[in-house]
Amino acid sequence: MAEDHLNRITLALSEYHPAPDLALIEKAYDFIASSHASQTRASGEPYINHLVETALLVCKLRLDVASVTAALLHDTIEDCEGVTEEMLREEFGEDIAAIVEGVTKLTRVRFESQEEKQAEGFRKMLLAMAKDIRVVLVKLCDRLHNMRTIRFLPEDKQRRIALETREIYAPLAHRLGIHWIKSELEDLCLLSLRPEIYAMIKDNFARTKAERDKYVKDTVEELLHHLEAAGISASVSGRSKHFASIWEKMERNNLSFEEVYDLHGFRVIVPTVRACYETLGVIHSAWKPVPGRFKDYIAMPKPNMYQSLHTTVIGPEGSRIECQIRTPDMHRVAEEGIAAHWRYKERGQSASSAETDFDLHWVSTLVEEQKYLKNPDEFIQSVKGELFPEDVFVFTPKGDLIRLPYGSCTIDFAYAIHSDVGQSTIGAKINGSLVGLDHELENGDTIEVLTSKSQTPSRDWLGYVKSSKAKQRIRAFLKSEEHARSMAFGMELLSKELRKVKLSMKKVEKSNKLTEIAKGMGLRSVGDLYAQIGYGKVSVAKVIAKVLPDFGGEEEASEPTETSPLERIFQRAARASRLKVGVKVSGLEDIMIRYAKCCEPLPGDRIVGFITRGRGVTIHRADCSQVLRSDPLRQIDVSWHGDAKAPRRVKLTVHSRDSLGLLSKVSHAITENGANINSAQVNTTDSGKAKHQFEITIDDAKQLEKLIRAIEQVQGVTKVDRVLGRTSFGGEPSAR
């Protein structure tokens, strides 16, 4: 087996590397054969098989020998007792040890563990990418092979890994331009998360294979004929789109498989950039282009350096087909992404220092802009946002090109120019016309920002900005403003209560007692103590109780004033509200608690509390957009009681095909999973689709997830949404 493994790696390396260090590969193989000797995978096969397959995938990326060696060794620190980074450094050198350690750190990320650990894992990933991109490339290969063999794991673990892959690693592969890894990861996630959908698409493809193959062959021949007539030398190939992209289109537009027309894509490779545009003209002359479906990624490449012309036309037999036109160099980048930019140096130099024009500026920018974010969910959402590479390209009045996230508005552009411009913007002129702050930008817009010295950012701005820079700068401004207001409010409250016990604020401040109290509470300054009082996180009564002993008053443990009958009524109501919702609040006593209507948390959801003066603590889901837009200083740690039982009414929308008996099957799936149906409503369309709307009673988040998965397994169901907010079924609610 060892000889076979080494031969496969040697053959893969020799296909692109002129003189690989095979002795180093053999040394690494002997090391893992010894270190992992007794280990097996969930499938029962030797663990070493996974390491070899990962190394072969790294070879497919055509990376250097150090990367292939690190791929063989990537699990030694994590899984082999006694193996350390220092040991690898001594045996294999600094370069390889650093890659293995970087991959090990990424392996330790658990996307459904403690939020702080999760956010820290994301930060390490970004830092690793900025320092040495090979770390993430090896990790992507490791994840791809794990997804190929995921069927041997328990179902709950399969789901966790597949969700993590779909949300992070597939978009990361896309952001790095490695199309083949991205597509396969997405298909494997679909197979794991929605096996019935994957099987449906696969069956339909198998059923129509002969017909599709003939269509592709005939279309390629016709396209080549048109190009030859125009004197253009080209290579043309046709392919079917991968399953996940088909399902995404079906789900997004609520289509059946038969209604997805553009199942085919055609790739035209021509010698020069000029020939690309000539080919576009030939295709548009032969077949009618679909309006709005042309994109020029040659003139304006994607952030991952992808370049091609994209156009969708009404091809033979009236079918929509997508054509991608590019040069050979563009094709290499399109398939391999950053790996296609690798430059090998003389022996002894690190490949990580190889020159590359690949755009990784977004990585260091994101790390810099997000390093002060304390809310881990906010940081995670920012990273996820950066992993999706859709952009809009706009211009300054001087003609400078600015790239912004898709959906960006006037404010995003202003902050991209300069933070001071963003803070004072009141509007803009776009292509000569006046527009508002929330105006969504379009490709090619020329923008002139209008400012005013009296303007300051508003919390409303967070509702429509898209760029990380704009969000971070607005939050920082609002935080400082809120902190100043809370300091003033807290100082006023403390001063008022001190007067009640015959003490002056000036006298207490002069004694430095407040500094001592602040430090005892882990706060940096008296100002922070005032702010905590203003936010409602620190009780004025407790501060005064700590002050009084130094001024000849009551003992520290006592309260300065007697509790009034009205306060006692409030305290009893607060205790009742806590028991009712089953939530514990960190550090606060006798506080009213209520659920947020915007996200409707269920027991088992990750939650956070938000202090609202006069209304107690509102419980939100930790990833709620309202919380992410709020002042982090007004957030407070909360948790569910271990035995929390808070049955809640939840609304679900089930999208499906209109078929006989489907409502009965869905209802059965709901009741079989222990939920009670309070109401149901069904709407059908002339196109054979149905939308079932249910209001059900559920105990916790785990039961809801299990229920949704059961409904998704019903044949004919295409999508299940949880409806959030106050909106009734007749309106336009948000869904998650």
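Residues numbered from 1 in each chain as written. Predicted model: local features only at pLDDT ≥ 70, side-chain atom pairs only at ≥ 80, totals over all residues. Heavy atoms only, no water.

1. Observations concerning the overall build of the chain
Looking only at helices and strands, one finds 29 helices and 21 strands in the chain. Considering the chain as a whole, with its 736 residues, one finds that 50% of them fall into the buried category. For the chain, the proportion of contacts with a sequence separation of at least 24, taken over those separated by at least 6, is 65%. With an accessible surface of roughly 35,600 Å², the chain has 49% of that area assigned to carbon and sulfur atoms. (Helix = DSSP H or I, 4+ residues; strand = E, 2+ residues; numbered from the N terminus. Buried < 20%, exposed > 50% of the residue type's maximum accessible area, 1.4 Å probe, protein only. Contact = heavy atoms within 4.5 Å. Areas by Shrake-Rupley, 256 points an atom, 1.4 Å probe, with all protein chains shown as cover.)

2. Observations concerning the pattern of salt bridges
Tallied over the entire structure, the rule returns 25 salt bridges. The residue Glu-221 makes a salt bridge to Lys-217 at a minimum N-O spacing of 3.0 Å. A residue pair is termed a helical-turn pair when its members lie 3 or 4 positions apart in one helix, as Glu-221 and Lys-217 do in helix α13 (residues 209-229) at 4 residues. Residue classification places Glu-221 among the partly exposed positions, given a relative accessible area of 44%. Each member of the salt-bridge network shares a partner with another, and the members are Asp-64, Asp-95 and Arg-134. (Salt bridge = Lys/Arg side-chain N within 4 Å of Asp/Glu carboxyl O.)

3. Considering the sheet that holds strand β14 (residues 616-621)
Within the open sheet, the 4 strands sit side by side as β12-β14-β13-β15. Their pairing is mixed. Among the strands making up the open sheet, the edge pair consists of β12 (593-595) and β15 (635-636). Two elements, strand β13 (residues 607-612) and β15, share 2 bridges in a ladder whose sense is antiparallel. Residue pairing for β15: Gly-609 is matched across the bridge by Ile-636. (Pairing = 2+ DSSP bridges.)

4. A few points about the pairing of strand β18 (residues 676-684)
The pairing of β18 with strand β19 (residues 689-698) spans 8 bridges and is classified as antiparallel. Bridge assignment links Asn-676 to a residue of β19, and that residue is Thr-697. Remark: 4 residues form the turn of the hairpin made by β18 and β19, two consecutive strands paired antiparallel; Gly-688 in that turn has positive phi of roughly 85°.

5. Let's talk about the packing of helix α2 (residues 22-35) against helix α4 (residues 65-73)
Interhelical geometry of α2 versus α4 gives an angle of 10° and a closest axis separation of 9 Å. When the axes of α2 and α4 are compared, the pair comes out roughly parallel. Residues Leu-24, Ile-25, Ala-28, Tyr-29, Phe-31 and Ile-32 of α2 touch α4, and the partners they reach there are Val-65, Val-68, Thr-69, Leu-72 and Leu-73. A class-by-class count of the residues in the contact of α2 with α4 yields 10 nonpolar, 1 polar and no charged. (Axes fitted to C-alpha atoms, helices over the stretch in contact; angles between N-to-C directions. Parallel < 35°, antiparallel > 145°, perpendicular 65-115°, else oblique. Nonpolar A, V, L, I, M, F, W, Y, C, P; charged D, E, K, R; others polar.)

6. Looking at the sheet that holds strand β2 (residues 264-269)
In space, the 5 strands of this open sheet follow the order β1-β2-β5-β4-β3, with mixed pairing throughout. Looking at strand neighbours, the two that pair on one side only are β1 (235-240) and β3 (288-296), the edges of this open sheet. On average, adjacent strands in this sheet sit at an angle of 20° to one another, irrespective of strand direction. In the sheet, β2 pairs with strand β5 (residues 320-326) via 5 bridges, with the strands oriented parallel. Among the inter-strand pairings, Gly-265 is bridged to a residue of β5, identified as Glu-322. Packing against the sheet, helix α16 (residues 328-336) makes contact with β2 and β5, and its axis sits at approximately 115° to β5.

7. Thoughts on the packing of helix α1 (residues 2-14) against α2
Contact pair α1 / α2: the axes reach a minimum separation of 11 Å and the direction vectors enclose 145°. At the point where α1 passes α2, the crossing takes the right-handed sense. Only Leu-22, Ile-25, Glu-26 and Tyr-29 of α2 make contact with α1, whose side of the interface consists of Ala-2, His-5, Leu-6, Ile-9, Thr-10 and Leu-13. When the residues that make up the contact of α1 with α2 are grouped by side-chain class, the tally is 7 nonpolar, 2 polar and 1 charged. (Left-handed = near helix turned anticlockwise from the far one by under 90°.)

8. What to know about the nonpolar core
Of all hydrophobic cores here, the largest spans 65 residues; its most connected members are Ile-9 and Val-68. Excluding residues within four positions of it along the chain, Ile-9 makes contact with Ile-25, Val-52, Ala-55, Leu-56, Cys-59, Val-68 and Leu-72. Core analysis: the next-biggest nonpolar cluster, separate from the first, contains 23 residues, Tyr-215, Val-270, Ile-283 and Trp-287 among them. (Core = buried A, V, L, I, M, F, W, Y, C linked by side-chain atoms within 4.5 Å.)

9. Brief notes about helix α6 (residues 85-92)
Residues of α6 that are buried include every one of Glu-85, Leu-88 and Phe-92, and no others. Looking straight down α6, one finds its buried side chains confined to an arc of 60°; they lie on one side. One or two steps after α6, the chain reaches Gly-93, where phi turns positive at roughly 95°. (Arc of directions from axis to C-beta.)

10. Let's talk about the pairing of strand β6 (residues 391-395)
Side-chain direction in a regular strand flips from residue to residue, so the side chains alternate between the two faces of the sheet. Summarising burial for β6: 4 of the 5 residues are buried, a large majority. Bridge count between β6 and strand β7 (residues 401-405): 5 bridges; the pairing is antiparallel. If you follow Asp-391 over to β7, its bridge partner there is Pro-405.

11. Quick word on unusual backbone geometry
What is expected of a backbone is that most residues other than glycine have negative phi and most peptide bonds are trans. Located in the positive-phi region is Arg-62, a residue other than glycine, with phi close to 60°. With respect to the helices and strands, the residue Arg-62 is situated in the loop between α3 (48-60) and α4. Judged by relative accessible area, which is 36%, Arg-62 ranks as partly exposed. For Lys-502, which is not a glycine, the phi torsion comes out positive at approximately 65°. What makes Lys-502 exposed here is its relative accessible area of 75%.

12. Some remarks on the packing of aromatic side chains
Enumeration over the complete set of coordinates arrives at 5 aromatic pairs. Seen in terms of ring centroids, Phe-31 and Phe-92 are 5.6 Å apart; in terms of plane orientation they differ by 90°. Their pairing is edge-to-face. One end of the pair, Phe-31, is in helix α2; the other, Phe-92, is in helix α6, with 61 residues separating them in the sequence. Taken together, the ring pairs in this structure connect Tyr-198, Phe-205 and Phe-243 into an aromatic cluster. Positioned above the aromatic ring of Phe-92 is the side chain of Lys-27, whose terminal nitrogen or guanidinium carbon lies 5.3 Å from the ring centre. Between Lys-60 and the ring centre of Trp-180, over which it is positioned, the NZ or CZ distance is 4.1 Å. (Phe/Tyr/Trp six-rings, centres within 6.5 Å; stacked < 30°, edge-to-face > 60°. Lys NZ or Arg CZ within 6 Å of the ring centre and 35° of its normal.)

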